[in-house]
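# Structure assessment
Here's the letter readout for the chains.
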Amino acid sequence: MIPITRVQFGIEEEELVLEVLRSGSIAQGPKVKQLEDEFAATFGLDHVIAVNNGTTALVGALEVLDLQPGDEVLTTPFTFVATLNAILEAGATATFADIRDEDFNLDPASVRERITTRTKVLAPVHLYGQMADMQPIEALAHDHGLRILEDAAQSHGATYHGRAAGSYGLGTFSLYATKNLTTGEGGLIVTDDADLADRLRVLRNQGMRARYEYEVAGHNYRLTDLQAAVGIPQLARYASIVETRRRNAARLTEGLADAPGIVVPRELAGREHVWHQYTIRVTEEARVDRAEFVEQLTEHGIGSGAYYPRLVTDYDAYRRHPRVSIADTPVAARVAREVVSLPVHHHLADDEVDAVIAAVRKISGASR
């Protein structure tokens, strides 16, 4: 079976983890600081605050924006549920705009229509490794006096006209096991605001600036040095990781461009895609529906995933929630019925990429 993702580490990670173990100090310490500094330097960001996962990164970022009851965060319904859970945990109301099917991200025209007097934050999600169309989103935020929170969980190092993901106000990243950059569990908050960065560092440490000196009611959002030791060596080779993913994505696109009923993803002008996922759309014109397509992929030994099979607002737990405002998002609804992610990860061998292409072509009925 060719897996949708494959988690592998090298000798560098092993040696650094052993160094931390042998030091006898495994909680948050110098390795976490090193990870923060090297992430900032690698991607040209100002302040990086490491936390224990990508969801708490979102919650912490929202908390320092001082939202009040009734304040709305406008985001996409086509995302992992952590985006919505974080908004609710922060005490805000979640509202939604539609997406574009060309990049799976927020449609600025829909965002413009959905802004209300209660909207305080625009929260684009840079899905699959490609950033949302940030120029008009930033303009809308400026015109309406709104803050921007980028959910860049899947887009470490992605750029929009040369500008890095996370650089538009507050940004968050996940370091979950299957991400392009991983510490198993972990997250990062980035900002160009030194005051917000200071508040976030206090917040993640039980509200302490120094031991037993409490300034706010805080949380334990700390990352450990053990986890940081897993991530640090990956930063040194991150450019190579992304280049391999880009090469695999290009081969998939070339091989599948004429597959009937299949729409391949593309990197839009001015954006640098880091290909966390390679997500095709199995449209109504396809030979089989998505469920049958996935079943046949499995029979051919190809792993896949539907990220995400339903909108977050399709689940009863959220449809009935008093702080979830359901919206009509027809493009997002259609896309959720169509998407299938194929293996694109940097551990794929060339013959595995060939096997993925061959399987999809056969299932779709593409000519030889």
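Structural data are supplied above this passage.
What comes next is a walk through the structure. Predicted model only: the values in this text are computed from it and were never measured.

By size, the foremost hydrophobic cluster in this structure holds 46 residues, and its most contacted members are Phe 39, Val 111, Leu 122 and Met 134. Among the secondary structure elements, those contributing two or more residues to this core are helix 1 (11-23), helix 2 (30-43), strand 1 (47-51), helix 6 (134-144), strand 9 (187-191), helix 8 (225-236) and helix 9 (238-256). Among the nonpolar cores identified, the runner-up in size contains 31 residues, and Val 64, Leu 67, Ala 92 and Tyr 221 belong to it.

On to the environment of Thr 93. Among the structural elements, Thr 93 can be located in strand 3 (residues 93-96). When its relative accessible area of 13% is taken as the criterion, Thr 93 is described as buried. For the pair formed by Thr 93 and His 321, sequence separation is 228 residues and the distance between their alpha carbons is 9.7 Å. With residues near it in sequence (within four places) discarded, Thr 93 still touches Gly 70, Asp 71, Glu 72, Val 73, Ile 87 and Arg 323.

This part covers the packing of aromatic side chains. Overall, the coordinates contain 10 aromatic pairs when judged by the stated rule. When the centroid spacing of 6.3 Å and the interplanar angle of 75° are considered together, the rings of Phe 78 and Tyr 308 count as edge-to-face. You can see Phe 78 sitting in the loop between strand 2 (72-75) and helix 4 (82-89) and its partner Tyr 308 sitting in the loop between helix 10 (290-299) and helix 11 (316-319), a full 230 residues away along the chain. Owing to a relative accessible area of 1%, Phe 78 belongs among the buried residues under this scheme. Relative to Tyr 128, the ring of Phe 104 lies with its centre 5.0 Å away and its plane at 80°, an arrangement referred to as edge-to-face. Of this pair, Phe 104 sits in the loop between strand 3 and helix 5 (108-114) while Tyr 128 is found in the loop between strand 4 (119-122) and helix 6, placing the two residues 24 residues apart along the sequence. Note on Phe 104: relative accessible area 6%, which makes it buried. Residue Tyr 128 is classed as buried on the basis of its relative accessible area, which comes to 2%. Ring pairing ties together the aromatic residues Phe 78, Phe 80, Phe 104, Tyr 128, Tyr 307 and Tyr 308, which thus form one cluster. Between Arg 163 and the ring centre of Tyr 168, over which it is positioned, the NZ or CZ distance is 3.7 Å. A cation over a ring is seen here: Arg 310 above Tyr 315, with NZ or CZ 4.2 Å from the ring centre.

Moving on, we come to the sheet that holds strand 5 (residues 147-151). Strand order in the open sheet made by the seven strands is 1-9-8-5-4-2-3, with mixed pairing throughout. The open sheet has two edge strands, strand 1 and strand 3, and neither has a second partner. The mean angle between the axes of side-by-side strands here comes to 25°, regardless of whether they run parallel or antiparallel. Bridge count between strand 4 and strand 5: two bridges; the pairing is parallel. By the bridge assignment for strand 5, Val 121 is matched with Arg 147. On top of the sheet, helix 2 reaches strand 1, strand 8 (170-174) and strand 9; it is set at about 140° to strand 1, its chief contact. Helix 3 (residues 54-63) contacts strand 1, strand 2, strand 5, strand 8 and strand 9 of the sheet and is inclined by roughly 165° relative to strand 8.

For the structure shown, the criterion picks out two cavities of 30 Å³ or more. As a volume, the largest cavity reaches approximately 60 Å³. Residue lining of the largest cavity: Glu 102, Asp 103, Phe 104, Leu 127, Tyr 128, Gln 130, Pro 265, Arg 266, His 273, Trp 275, Gln 277 and Thr 279, and that is the complete set. Here the residues of the lining of the largest cavity sort into five nonpolar, four polar and three charged. Considering only enclosed or pocket space, the second largest cavity measures out at about 40 Å³ in volume. Considering the residues around the second largest cavity, the lining is formed by Leu 58, Leu 62, Val 73, Thr 83, Ile 87, Ala 123, Leu 149 and Asp 151. Residues belonging to the lining of the second largest cavity are distributed by class as follows: six nonpolar, one polar and one charged.

Looking now at the packing of helix 2 against helix 8. With their axes 8 Å apart at the nearest point, helix 2 and helix 8 run at an angle of 30° to one another. With respect to their mutual orientation, helix 2 and helix 8 come out roughly parallel. Helix 8 is crossed by helix 2, and the crossing has left-handed handedness. Contacts between helix 2 and helix 8 pair Pro 30, Lys 31, Val 32, Gln 34, Leu 35, Glu 38, Phe 39, Thr 42 and Phe 43 from the former with Asp 225, Ala 228, Gly 231, Ile 232 and Leu 235 from the latter. When its residues are assigned to classes, the contact of helix 2 with helix 8 shows eight nonpolar, three polar and three charged.

Buried residues dominate helix 3, accounting for eight of its 10 residues. Restricting attention to buried positions, one finds in helix 3 the residues Gly 54, Thr 56, Ala 57, Leu 58, Val 59, Gly 60, Ala 61 and Leu 62. Where helix 3 begins, one side-chain oxygen reaches toward the backbone nitrogen of Thr 55, 3.0 Å away; that side chain belongs to Asn 53.

About the criteria used
- Residues numbered from 1 in each chain as written.
- Predicted model: local features only at pLDDT ≥ 70, side-chain atom pairs only at ≥ 80, totals over all residues.
- Heavy atoms only, no water.
- Core = buried A, V, L, I, M, F, W, Y, C linked by side-chain atoms within 4.5 Å.
- Buried < 20%, exposed > 50% of the residue type's maximum accessible area, 1.4 Å probe, protein only.
- Helix = DSSP H or I, 4+ residues; strand = E, 2+ residues; numbered from the N terminus.
- Contact = heavy atoms within 4.5 Å.
- Phe/Tyr/Trp six-rings, centres within 6.5 Å; stacked < 30°, edge-to-face > 60°.
- Lys NZ or Arg CZ within 6 Å of the ring centre and 35° of its normal.
- Pairing = 2+ DSSP bridges.
- Axes fitted to C-alpha atoms, helices over the stretch in contact; angles between N-to-C directions.
- 1 Å grid on protein atoms, 1.4 Å probe; cavity = no way out; pocket = protein on both sides within 12 Å on 5 of 7 lines; lining within 4 Å.
- Points joined across faces, edges and corners; volume = space filled by probe spheres on them.
- Nonpolar A, V, L, I, M, F, W, Y, C, P; charged D, E, K, R; others polar.
- Parallel < 35°, antiparallel > 145°, perpendicular 65-115°, else oblique.
- Left-handed = near helix turned anticlockwise from the far one by under 90°.
- Polar contact = N/O pair within 3.5 Å; in protein donor to acceptor, adjacent residues only side chain to side chain.

Function cannot be read off these values alone, since they describe shape.
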